[in-house]
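The lines below spell out each chain.
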Amino acid sequence: FEGPDWHYLKRGHERFARGPLLRADPQGRCAGVLACGQIIILKAAQESYGLGEDEEGSASGGSLCAHVEESYVVNMQEMDIKHIKDIVFLYGYIEPVLLVLHDKELTWAGRAVLKRHTSAIAALSINTTLKQHPLIWTASNLPYDVYMLLAVPSPIGGAIVVGANSIHYHSQSSSCVLALNDFATAPEGSSEWPTSKVNVELDAAHATWISYDVVLFSTKTGNLLLLSLVYDGRTVQKLELMKSRASVLTSCMCTVGDLFFFLGSRLGDSLLVQFMAGVASSGSSGSTKTGREEPGDIEGEMMNPPAKRLRQASSDMSQDSASADELSLYHSSSTNPDSAAQKNFEFSVRDSLINIGPLRDFAYGLRTSADISTSAAARQSNYELVGCSGHGKNGSLSILHQSVRPDLITEVELAGCKGMWTVYYKGSRNHALDALPVSTSESEFHAYLIISLESRTMVLETGEMLGEVTESVDYFTEGATVIAGNLFCRRRVVQVYSRGVRLLDGAYMTQEVRIESPCAKSDTATNFESVSVEYASIVDPYVLLKMTDGSIQLVTGDPGTCSISVSAPPIFQNPEDPITACSLYHDIGASPWLRRTSTDAWLAPSFDLVEISEGTDTEHGDIYCVVCKQSGWLEFYELPNLMCIFSFGNFTHGKRVLYDSRAPPKQAQISSSLEGTEAGNTEERKQDSESRMQVNEVCLQKWGDKFGRPFLFAVLSDATVLCYHSYVYEGSDSSLASEDLGGSEGGGISSRLKNLRFIRVPLDWVTREEGTAALIPRIVTFTNVGGLRGAFVTGTRPMWLMICREWIRAHPQLCDGPIVAFTPLHNVNCNHGLIYITLQGFLKICQLPSVLNYDNDWPVQKIPLRGTPHQIAYHVDANLYALTVSVPVSRTAAQILESAEPGSPYFNELENEDGQKLVTLEEFEVRIIQPGRLGGAWETKATLPMQVTEHALTVRIVNIKNTTTEQMQSLLAIGTAYVQSEDVPARGRIILVSIGQDQSDPDAWAKEIYSKEFKGAISAIASLQGYLLVAIGPKIILHTWNGSELNGAAFFDAPLYVVSLNIVKNFVLFGDIHKSIYFLCWKEESAQLHLLAKDFGSLDCYATEFLIDGSTLSLLVSDSQRNIQIFSYAPKSVESWKGQKLLPRAEFHLGAQVTKFVRLQMLPTTSSTRTNRFALLFGTLDGSIGCIAPLDELTFRRLQTLQRKLVDAVPHVGGLNPRAFRQFQSNGRAHRPGPENIIDCELLCHYEMLPLEEQLEIAHQIGTTRSQILANLSDLTISTSFL
């Protein structure tokens, strides 16, 4: 978008009513963009690979991507088309036809009597080669409130124009209309419009096609409606609208394939819904209609726990539709209502995406499973965030945890543990179990728990109780165990120790094999002593043993005789390039996944069927050996023939994509030594290559049954965890050849995995901590712990890697500090639980909390409120939350008058109305909620209803001093406003409530002790050194409390309306709705609120807070344009006009509106020991949570320089510039740019994802080291892990 045409696109305007909108031609020939009131046409480069939704073009192969050949601007002013509202491409024309909805002249609701039908549509034929666009047909006299176009699919064609009160159909030859309510009026001189049976308003609705003649609408109240077109040939005769189900409040919707539609919501959880169209007899339709007047609620299904939902989803479809007759919905699609064939749609929710936005407010409170006795870092996992999420019927409380805290069943002290494993045992008596499907094998209980201590091994039975049976079993117990597991379909247990392998049938040993070094026979005995088993991996029927000298031995089992034999494959006996890590991978399933990557699988659609019909054993799949060498090579070998089928060099560098580079081992040696000399060019880089990193542990694992793709994890020697996700590369052979780094020497093998690729996945967690004793992280995979699957990483900062819908969710576990060993446990008393041992020597048996949803950045629990939550406050002593909730209710005018005081103008107005007229009001109440104990339900202990038309604006816990008794009281203060009409002067009430369980009356949890009415809305409340500070309309008044009433002590006149109040010591910060922030000081001697300084600019404040760093106090504010600014009070500075003006210290564009800041003390780290340092946690209306933290000057300079480098070094999404995005956005207002003193950690996170050589290069360019940068980033994460 360069050149002179583009410079004048805005034509001097700063803001636009519509756009940008992008619409594609159904056949993919071009696309149209509505931007800055202009239409830009994008021409597709190749017609067959277009921009549209047509499937035909993409069927012949995905190697060609749709791209834009050229673009040009269509001058709409020449055609006298202004004020464009919507555009859409029509179906069924030879050339692309663009339909434009526009206003001929502007009007609004207040002028609707005089000017009502001002909109029109115009169809333009787009010729992209000649750049001409003749007008084909037009239609005018449409109501001013139409706002959306829907192109009707073939064979009908034409378009539907949707308005707030009417729906219109227009094509080149015919048109028809449907009035939706009493506000729809036909233009003068035309016939009366037919009226719909459903009385509804369609403003702010969304729509999608679920059949070529049926549109599904989602209204602003969250109801689903169906509009069907009654047509004859290509002529639409009439439109019919029918009610369907209730669903979420929708922000967007679209059809996915022929079976599903997606309801996207920013106010609730987004849903994927399956619909089925069928034909029902008219008899059954009648009975269903009369039987169910109330439409069912789609969301009701989402209240089930995820596991239950999955079971429902996987059940047979026919069974589903039979059991859920409330889902079915019948409506006529023919002109004759009595005809037998009627369309019948059945809906069922298949999946949901959890959403915690918009976060209006949140509180930081104690978890119910808190353990107060823990140390500093672990103590933080005692806390949780409780946020006000959603709106209307989607309103809920969101309980957020940053770290996982398992529910403890029992704990035992056990020192010196090195590892532990649980094993199954199937005796000969249950051979029948082998034939059972996998689902039962998951429900089988564990039989033994094997714990390896430093010099001995303990064996415990996992029956009703954990009983030690070390003496009575034939396990090797005289030394430590390397690994234990099952072989031969769980009929045998295998135990590996440093000198041998034992095979056991239950408690009895059936075979023991000593492990010897292959060269021990010719060497001295001392050499034999030095080689022993260091690490092992088990996959039935193989055991892979890694020896201390870097060689590998393979134990192969014979399922027929249940015996094992050891071999030392010569391919793994290379002393020059020892193996540092290895593991086995079982590619299970009907068609093993890795097999697809060796051939061009996407070319053969029946590939899976071919594989199965070969007669392979579908259950066993393929087994591979994954090996990492000291030289940095990653290699895959196929078992049992040990052929290398995938290799990649410099694996430890953390490249973005891994592919098969086909280099033979000899070349690997040469290239690695060359690389070593290159890296050692400069002295700094030699120090920072960190003594050539190597892989300590590697793990390849697949969790999904049908659609899963393997994940590759690796732990490096500096405790970095690399994570990769595999995929099949669909490319032509020519592009592959250019990628071959290793040349064609090793390329003779045809069955190499040439199309296998791994893409790096970011893990948002720090696994290493500076200055602590290094525990080597170990990866333990699990298939069912509390219904979840994934891996657990032990070590200094342990974390869960949970696999949810083929996506990794990293959740740390901080509550016990470092963890030495972990294993899943499933027995009678611990259903799908876990055991872990901490560094302090405690063995804990736990279960994961089942109420949390882990498929989120932070584990979350949502509690539906069926109303809009507004504000929340936490009472520490009573451990209760106070929450304001509003519910929309419809009342008749007569009912409102009954509850009102006579004589007020608002009610005089209502008296003139019809007494039965319905008025919709928001009814407010304050709920006192107690957190649930260990997975229990959260209970509402008390409800304080507000009066009619009274809105609760603020709720705060305040500590005020009773001047009579000289004691401090902790009370709940509620500030309200009466919202009536613009003719009524504003009034408000302040209510003081004492909360907590009353000893005399155990059922009373809240007691109102004071209430007083004021002139003006009570918009903010805070406690200031024992006084109560209240914002009443444009005034701020300080009150004293004598136990029975509030008395004013001081006041300050605010400009317009106070939105937030913050207190630190005797300083007050408040934000005004339009006039930015003010900084006051309370002087007790002279009893006055004294203005210290203010910001002279105009700013629409959303939230304010103090930022404390040691002895520095800064003032932070967020505004309506999604920016945050930091100000400081510097009276000695010249620019501050003798201290009257607050000076801007930093500004930053967040891109989201911040509604609440919470100030929390930062945790100490090894590098920074400053104690009085606070960070601000904030929540936004987009449902995101962020943190602003102060930094040391030196760290700030280093990271700011790194940030400038990363702007160029990292490829950004869509080629967008993060620096331009983070500039202060003033929306056309004059703004003097402030200093850029905030660094963007979202951008800095990309540093860890860069390949090692790029990390070293960037660190060298900015004059620091990689380890220094990583230490700064991990310190930041550790000091702000508040939850």
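Everything below is about the structure shown above.
Undergrad: Even after reading the chapter, I still don't get the overall build of the chain, so can you show me in this structure?
TA: Of regular secondary structure, the chain possesses 21 helices and 77 strands. Looking at the chain residue by residue over its 1283 residues, the buried ones come to 53%. Accessible area for the chain stands at about 57,900 Å²; split by element, carbon and sulfur atoms hold 51% of it.

Undergrad: So what exactly am I meant to see when it comes to the pairing of strand S14 (residues 214-218) here?
TA: Sheet faces and side chains relate simply in a regular strand, where the side chains alternate between the two faces. Of all the five residues making up S14, five are buried; the element is thus mostly covered by neighbouring parts of the structure. Of the two faces of S14, the one holding Val214, Leu216 and Ser218 and the one holding Val215 and Phe217 are both buried throughout. Across five bridges, the pairing between strand S13 (residues 206-211) and S14 is antiparallel. Among the inter-strand pairings, threonine 208 is bridged to a residue of S14, identified as leucine 216.

Undergrad: Just checking my understanding: could you explain the sheet that holds strand S37 (residues 563-567) for this structure?
TA: Within a sheet, each strand pairs with its neighbour through backbone hydrogen bonds, oriented either parallel or antiparallel. Ordered in space as S34-S35-S36-S37, the four strands form an open sheet in which the pairing is antiparallel. Bordering the open sheet on either side are strand S34 (533-539) and S37, each of which pairs with just one other strand. Averaged over all pairs of adjacent strands, the angle between their axes in this sheet comes to 20°, without regard to strand direction. Relative to strand S36 (residues 552-558), strand S35 (residues 542-547) runs antiparallel, the two sharing five bridges. The partner of lysine 546 across the bridge, within S36, is isoleucine 552.

Undergrad: Would you explain the pattern of salt bridges in this entry?
TA: Opposite charge on two side chains permits them to pair, given that their charged atoms come into close proximity. Summed over the entire model, instances satisfying the criterion amount to 42 salt bridges. Here arginine 805 makes a salt bridge to aspartate 351, at a shortest N to O gap of 2.4 Å. Taken together, the positions of arginine 805 in the loop between strand S49 (799-804) and strand S50 (807-812) and aspartate 351 in strand S21 (residues 342-353) put the pair 454 residues apart, joining distant regions of the chain. Among the residues examined, arginine 805 registers a relative accessible area of 44% and is labelled partly exposed. The partly exposed category is assigned to aspartate 351, whose relative accessible area is 29%. For the salt bridge of arginine 1173 with aspartate 1192, the shortest nitrogen-to-oxygen distance reads 3.0 Å. Here arginine 1173, found in the loop between strand S75 (1154-1161) and strand S76 (1174-1180), pairs with aspartate 1192, found in the loop between strand S77 (1185-1188) and helix H16 (1193-1209); they are 19 residues apart in sequence, far enough to count as distant. Judged by its relative accessible area of 5%, arginine 1173 is buried. Residues joined by salt bridges that share partners form a network here, namely Asp351, Arg805, Arg809, Asp855 and Asp857.

Undergrad: I tried to follow the nonpolar core on my own but got confused; where do I start?
TA: Across soluble globular proteins, nonpolar side chains show a tendency to be buried alongside one another. Formed by 32 residues in total, the largest nonpolar core has its most connected members in Tyr475, Leu487, Val496, Val501, Val543, Leu545 and Ile564. At the level of secondary structure, the elements contributing two or more residues to this core comprise strand S26 (417-423), strand S27 (448-453), strand S30 (481-487), strand S31 (492-497), strand S32 (500-505), S34 and S35. Non-local contacts of valine 496, meaning those with residues more than four positions away in its chain, are made with Thr481, Val482, Ile483, Val501, Val533, Ala536, Val543 and Leu545. In this structure, Leu634, Phe648, Leu658 and Leu722 belong to the second largest nonpolar core, which totals 29 residues.

Undergrad: Got a minute to help me understand the packing of aromatic side chains in this structure?
TA: Here the distance between the centres and the angle between the planes together describe a pair of aromatic rings. Under the counting rule described, the total for this entry stands at 34 aromatic pairs. Taken together, the aromatic side chains of Phe261, Phe275, Phe345 and Phe347 make up a single cluster linked through ring pairs. The ring of tyrosine 729 carries arginine 757 above its face, with NZ or CZ at 4.3 Å from the centroid. Seen from the ring of tryptophan 1137, lysine 1141 lies directly overhead, with NZ or CZ sitting 5.0 Å from the centre.

Undergrad: Please explain the environment of cysteine 489 as it appears in this structure.
TA: Position of cysteine 489 among the secondary structure elements: in the loop between S30 and S31. Sequence separation between cysteine 489 and tyrosine 424 is 65 residues; the distance between their C-alpha atoms is 9.6 Å.

Undergrad: When you look at empty space enclosed by the protein in this model, what are you seeing that I'm missing?
TA: In this approach, a probe sized like a water molecule rolls over the atoms, and the result shows the empty space that is left. Overall, the coordinates contain three cavities of 30 Å³ or more when judged by the stated rule. Of the volumes computed, that of the largest cavity is approximately 200 Å³. As for the largest cavity, its lining consists of 14 residues, of which Gln1203, Arg1219, Arg1222, Glu1236 and Ile1238 are closest to the centre. Elements with a minimum of two residues in the lining of the largest cavity: strand S74 (1143-1149), H16 and helix H17 (1218-1221). With four residues, the top contributor of residues to the lining of the largest cavity is H16. Per-class residue counts for the lining of the largest cavity are five nonpolar, three polar and six charged.

Undergrad: Can you help me understand the side chain of threonine 208 in this one?
TA: Along the chain, threonine 208 turns up in strand S13. In this structure the side chain of threonine 208 is engaged in a polar contact, spanning 2.5 Å, whose partner is the side chain of threonine 255.

Undergrad: What am I meant to see in the side chain of lysine 702 here?
TA: Position of lysine 702 relative to the elements: it lies in the loop between strand S43 (695-701) and strand S44 (711-716). The exposure class assigned to lysine 702 is buried, which follows from its relative accessible area of 13%. In terms of polar contacts, lysine 702 uses its side chain to reach the backbone carbonyl oxygen of isoleucine 588, at 3.0 Å. The contacts of lysine 702, once residues within four sequence positions are left out, are Tyr585, Asp587, Ile588, Trp593, Gly708, Arg709 and Pro710.

Conventions we followed
Residues numbered from 1 in each chain as written. Predicted model: local features only at pLDDT ≥ 70, side-chain atom pairs only at ≥ 80, totals over all residues. Heavy atoms only, no water. Helix = DSSP H or I, 4+ residues; strand = E, 2+ residues; numbered from the N terminus. Buried < 20%, exposed > 50% of the residue type's maximum accessible area, 1.4 Å probe, protein only. Areas by Shrake-Rupley, 256 points an atom, 1.4 Å probe, with all protein chains shown as cover. Pairing = 2+ DSSP bridges. Axes fitted to C-alpha atoms, helices over the stretch in contact; angles between N-to-C directions. Salt bridge = Lys/Arg side-chain N within 4 Å of Asp/Glu carboxyl O. Core = buried A, V, L, I, M, F, W, Y, C linked by side-chain atoms within 4.5 Å. Contact = heavy atoms within 4.5 Å. Phe/Tyr/Trp six-rings, centres within 6.5 Å; stacked < 30°, edge-to-face > 60°. Lys NZ or Arg CZ within 6 Å of the ring centre and 35° of its normal. 1 Å grid on protein atoms, 1.4 Å probe; cavity = no way out; pocket = protein on both sides within 12 Å on 5 of 7 lines; lining within 4 Å. Points joined across faces, edges and corners; volume = space filled by probe spheres on them. Nonpolar A, V, L, I, M, F, W, Y, C, P; charged D, E, K, R; others polar. Polar contact = N/O pair within 3.5 Å; in protein donor to acceptor, adjacent residues only side chain to side chain.

All we've got here are geometric facts, nothing functional implied.
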